[in-house]
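Observations on the three-dimensional arrangement
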Amino acid sequence: MGNMLPQVEGLDIEKAINNTGMSYEDYLDILKTYYLTLDKKIDDIIQTFSDNDIENYTIHVHALKSSSRVIGAYELGDDAYELELCGKSSDIETIKAKTPALIQKCQQLKDTISAILPKQDITGTIDLESLLFILDDIRNYMADNDILLINDTLEQLEGVYYDEETDSLINT
């Protein structure tokens, strides 16, 4: 199976699929959601960094760490984890020194993902299937009592648009 998967700089797709047991199609759905929500993650990290709001900064880099590791962006996940630990220990100097590079890596990864996802998948809207997948993630986070990921995921849903079918179902 590994030979059939694309080799993408910054993503270990095979490891991500093997770690989660998902299909390649499910992986692409997760990757699409990650792509569509990455700008909000970046904005939240920049805003809390600029505001010196270390508590919320730590929450946002934690969420970036978790979601990045799910898609196989392990280096980015590790960088976010390092900054999460810096936030927990109030290591402001390291946060100041390394946050710009983290943001740059996020933006580079977004460019990489946009090159491999079909163009119709990166329009900025979420369809019903993707929404159901996200809601299933929330259910799993609830089972794990992972309040940080629940909150982050719900916040991400606030920053997206839904396709016409999904929007009509939500608003009925």
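You'll find the structure just up there.
Here the structure is a predicted model, which is why all the values come from computation and not from measurement. (Residues numbered from 1 in each chain as written. Predicted model: local features only at pLDDT ≥ 70, side-chain atom pairs only at ≥ 80, totals over all residues. Heavy atoms only, no water.)

1. Points about the overall build of the protein
In plain terms, the rule: In this text, helices come from DSSP runs of H or I with a minimum length of four residues, and strands from runs of E with a minimum of two, each type numbered from the N-terminal end. The globule rule used for comparison is 2.2 Å times the number of residues to the exponent 0.38, while the radius of gyration itself is calculated over C-alpha atoms. Each residue is placed in one exposure class: buried if its accessible area under a 1.4 Å probe, protein chains only, is under 20% of its type's maximum, exposed if it is over 50%, and partly exposed if it falls in between. In this analysis, two residues are considered to be in contact whenever any of their non-hydrogen atoms come within 4.5 Å of each other. Accessibility throughout is a Shrake-Rupley quantity obtained with a 1.4 Å probe, and a residue counts as covered only by protein chains that appear here. Positive charges are assigned to Lys and Arg, negative charges to Asp and Glu, while His and the chain termini are left out of the count. Just so you know, the charge point we use is NZ for Lys, CZ for Arg, CG for Asp and CD for Glu.
If you tally the helices and strands in the protein, you get eight helices and two strands. Along the protein, from the amino end to the carboxyl end, the secondary structure elements read α-α-α-α-α-β-α-α-β-α. Taking 172 residues into account, the globule formula puts the C-alpha radius of gyration at 16 Å, and the protein, at 16 Å, falls close to it. Considering only C-alpha atoms, the protein reaches an extent of 45 × 45 × 30 Å along its principal axes. Among the 172 residues that make up the protein, the fraction classed as buried is 43%. In the protein, once contacts between residues fewer than 6 apart in sequence are set aside, the share between residues at least 24 apart is 65%. Accessible area for the protein stands at about 9500 Å²; split by element, carbon and sulfur atoms hold 49% of it. Where the 13 positive side-chain charges of the protein centre and where its 34 negative ones centre are 5 Å apart.

2. Section: helix H4 (residues 74-88)
To be explicit about the condition: How far a helix is expected to stretch is found by multiplying one less than its residue total by 1.5 Å.
Over its 15 residues, H4 runs 21 Å from end to end, which matches the ideal 21 Å to within 8%, given 1.5 Å per residue. Residues Tyr74, Leu76, Gly77, Ala80, Leu83, Glu84, Cys86 and Gly87 constitute the buried set of H4. Elements that come into contact with the buried residues of H4 comprise helix H1 (13-20), helix H2 (24-50), helix H3 (54-71) and helix H5 (92-116). Within two residues after H4, Ser90 carries a phi angle of roughly 55°, on the positive side.

3. Description of the pattern of salt bridges
Put simply, the test is: When a carboxyl oxygen of Asp or Glu lies within 4 Å of a side-chain nitrogen of Lys or Arg, that pair is called a salt bridge.
Taken as a whole, this structure holds nine salt bridges when the rule is applied. With its nearest N and O atoms 2.9 Å apart, the salt bridge here joins Arg69 to Asp78. One salt-bridge network, in which partners are shared between bridges, spans Lys65, Glu84 and Lys88.

4. Some thoughts on the packing of H4 against H5
Two packed helices can be described by the angle between their axes and the distance between those axes. For the record, the criterion: For every element, the axis is a line fit to its C-alpha atoms; helices are fit only across the contacting stretch, and the angle between N-to-C directions ranges from 0 to 180 degrees. Throughout, the term roughly parallel applies to angles under 35 degrees, roughly antiparallel to angles over 145, roughly perpendicular to angles from 65 to 115, and oblique to all others. Working rule for handedness: look at the near helix, and if it is turned counterclockwise from the far one by less than a right angle, call the crossing left-handed; if clockwise, right-handed. Polar here means any residue other than Ala, Val, Leu, Ile, Met, Phe, Trp, Tyr, Cys and Pro, which are nonpolar, and Asp, Glu, Lys and Arg, which are charged; Gly is therefore polar.
At a closest axis distance of 10 Å, the pairing of H4 and H5 adopts a crossing angle of 155°. With respect to each other, H4 and H5 are oriented roughly antiparallel. Where H4 crosses over H5, the two elements pack in a sense that is left-handed. In this structure, H4 contributes Glu75, Leu76, Asp79, Ala80, Glu82, Leu83, Cys86 and Gly87 to the contact, and H5 contributes Thr94, Ile95, Lys98, Thr99, Leu102, Lys105, Cys106 and Leu109. Classifying every residue of the contact of H4 with H5 gives eight nonpolar, three polar and five charged.

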